[in-house]
Amino acid sequence: ATRITTAVDDIDVTIREIRHTIFELGSGRGSVVDLRTELGGIVEEHAVVLGFRPTWHTEGPVDSAVPDAVRPHLLAVLREALSNAARHARASSVDVALAVGDEVVLTVTDDGVGIPDGVRTSGLRNLAERASAAGGRSEVGSRPGGGTTVRWAVPVARP
């Protein structure tokens, strides 16, 4: 029953993401949409699956300094990190932080069980590949006392 519920929740998130993408393509708004609004929308979408609303905050010139080439990677990484927290972590809280300075740094932290042995790591590998493609890095690790922290950082300007 738990696996079926998890699968249905994952499908619901995927459907919302597809609808969002279709809307963006059809509206022609593309990168004109406020990045903070898009981030908030992704956080809200995942609140349903998580069973609670993650906290999130931004720092720095998010809307003006995040390069257009980085933006789709950033949004996909946030979706993947929240999806992982919903599917695997059994967390009671998730915090999302985005700081923009010389780098775009997304940090997603949960208080769940950490990364269990034997779990597929294709999503985490995808985060690393997206970071590398943008000249950055991705780190995933356990926190003292439990939980997982995903930190994804790319430079604002390519070296």
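**Student:** It is not clear to me how the sheet that holds strand 3 (residues 103-110) should be interpreted in this structure. Could you clarify?
**Tutor:** Backbone-to-backbone hydrogen bonds join strands into a sheet, with any given pair of strands oriented parallel or antiparallel. As summarised here, the arrangement of the five strands in space is 1-2-3-5-4, forming an open sheet in which the pairing is mixed. Strands at the two margins of the open sheet, each flanked by one partner only, are strand 1 (55-59) and strand 4 (137-142). Averaged over neighbouring strand pairs, the angle between their axes works out to 10° when direction is ignored. Its contacts with the sheet place helix 2 (residues 35-50) against strand 1 and strand 2 (94-100), and it is angled at close to 165° to strand 1.

**Student:** Looking at this structure, how should I read the environment of arginine 125?
**Tutor:** Here arginine 125 is to be found in helix 5 (residues 122-133). Here the alpha-carbon distance between arginine 125 and serine 138, two residues 13 residues apart in the chain, equals 9.1 Å.

**Student:** Where do I start with the nonpolar core in this structure?
**Tutor:** As a rule of thumb, soluble globular proteins bury nonpolar side chains together. Ranked by size, the top nonpolar core spans 31 residues in total, and within it Leu78, Val94, Leu106, Val108 and Trp152 carry the most contacts. Elements supplying a minimum of two residues to this core: helix 2, helix 4 (71-89), strand 2, strand 3, helix 5 and strand 5 (148-155). For tryptophan 152, the contacting residues outside a window of four places in its chain are Val70, His73, Leu74, Val77, Val104, Val105, Leu106, Leu127, Arg130, Ala131, Arg137 and Ser138.

**Student:** Would you take a moment to explain the pairing of strand 2 for this structure?
**Tutor:** Residues in a regular strand point their side chains to alternate faces of the sheet. Along strand 2, five of the seven residues are buried, which leaves the element largely enclosed by surrounding structure. Of the strand pairs in this sheet, strand 1 and strand 2 are connected by five bridges, and their pairing is parallel. Across the sheet, residue glutamate 59 finds its bridge partner in strand 2, namely alanine 99. Bridging between strand 2 and strand 3 involves seven bridges; their strand directions are antiparallel. What sits directly across from alanine 99, in strand 3, is valine 105. Taking the residues between adjacent antiparallel strands as the criterion, strand 2 and strand 3 are bridged by two residues.

**Student:** Looking at this model, I keep getting lost on the pattern of salt bridges. Mind explaining?
**Tutor:** Any two side chains of opposite charge can pair, so long as their charged atoms come close to each other. Under the counting rule described, the total for this entry stands at six salt bridges. Salt-bridge contacts for arginine 53 lead to glutamate 44; the nearest nitrogen and oxygen are separated by 2.8 Å. Of the residues examined, glutamate 44 reaches a relative accessible area of 35% and is grouped as partly exposed. Look at the salt bridges and you will find they share partners, linking Glu103, Arg137 and Glu139 into a network.

**Student:** Explain helix 2 here, please?
**Tutor:** Because each turn of an α-helix spans 3.6 residues, side chains separated by three or four positions end up pointing in the same direction. Here helix 2 spans 22 Å end to end across 16 residues, near enough to the 22 Å set by a 1.5 Å rise per residue. Every buried residue of helix 2 is accounted for by Leu35, Glu38, Leu39, Gly40, Ile42, Val43, Glu45, His46, Ala47, Val49 and Leu50.

**Student:** Got a minute to help me understand the packing of helix 2 against helix 4 in this structure?
**Tutor:** Axes are the key here: two packed helices are described by the angle between their axes and the distance separating the axes. For the pair helix 2 and helix 4, interaxial distance at closest approach is 10 Å and the crossing angle is 15°. Relative to helix 4, helix 2 is oriented roughly parallel. Where helix 2 crosses over helix 4, the two elements pack in a sense that is right-handed. Facing Leu35, Glu38, Leu39, Ile42, Val43, Glu45, His46, Val49 and Leu50 of helix 2, the residues of helix 4 in contact are Arg71, Leu74, Leu75, Leu78, Arg79, Leu82, Ser83, Ala85 and Ala86. Classifying every residue of the contact of helix 2 with helix 4 by side-chain character gives twelve nonpolar, two polar and four charged.

**Student:** Just checking my understanding: could you explain the packing of helix 4 against helix 5 for this structure?
**Tutor:** Packing of helix 4 against helix 5 brings their axes to within 10 Å, and their N-to-C directions diverge by 160°. Relative to helix 5, helix 4 is oriented roughly antiparallel. Crossing handedness for the pair helix 4 and helix 5: left-handed. Together, Pro72, His73, Ala76, Val77, Glu80 and Asn84 of helix 4 and Gly123, Leu124, Leu127 and Arg130 of helix 5 make up the contact between the two elements. Taken together, the residues of the contact of helix 4 with helix 5 sort by class into five nonpolar, three polar and two charged.

Rules behind the numbers
- Positions within a chain are numbered from 1, following the residues in the order the chain's sequence is written.
- Local features in this predicted model are restricted to residues of pLDDT 70 or higher, and side-chain atom pairs are both shown and tallied only at a pLDDT of 80 or more, whereas totals for entire chains, interfaces and linings draw on every residue.
- As a convention, hydrogens and water are excluded, and side-chain values are obtained from all of the structure's heavy atoms.
- Strand pairing requires that DSSP identify at least two bridges connecting the strands.
- In DSSP terms, a helix is any run of H or I states spanning at least four residues, a strand is any run of E spanning at least two, and both are numbered starting from the N terminus.
- As a rule, the C-alpha atoms of each element are fitted with a line to give its axis, helices using only the stretch in contact, and angles between N-to-C directions run from 0 to 180 degrees.
- Throughout, a residue-residue contact means that at least one pair of heavy atoms, one from each residue, lies within 4.5 Å.
- Nine residue types can take part in a nonpolar core, namely buried Ala, Val, Leu, Ile, Met, Phe, Trp, Tyr and Cys, and a core is a set of them joined through side-chain atoms within 4.5 Å.
- Note on classification: 1.4 Å probe, protein chains only; a residue is buried when its accessible area is under 20% of the maximum for its type, exposed when over 50%, partly exposed between these limits.
- Any carboxyl oxygen of Asp or Glu that lies within 4 Å of a side-chain nitrogen of Lys or Arg is treated as forming a salt bridge with it.
- Multiplying 1.5 Å by the helix residue count minus one yields the expected span of that helix.
- Each angle receives one of four descriptions, namely roughly parallel if under 35 degrees, roughly antiparallel if over 145, roughly perpendicular if within 65 to 115, and oblique otherwise.
- The hand of a helix crossing depends on one turn: near helix anticlockwise from the far one by less than a right angle means left-handed, and clockwise means right-handed.
- Throughout this entry, Asp, Glu, Lys and Arg are counted as charged residues, while Ala, Val, Leu, Ile, Met, Phe, Trp, Tyr, Cys and Pro are counted as nonpolar. The remaining residues, Gly among them, count as polar.

Honestly, that's just the spatial picture; any functional story needs more than this.
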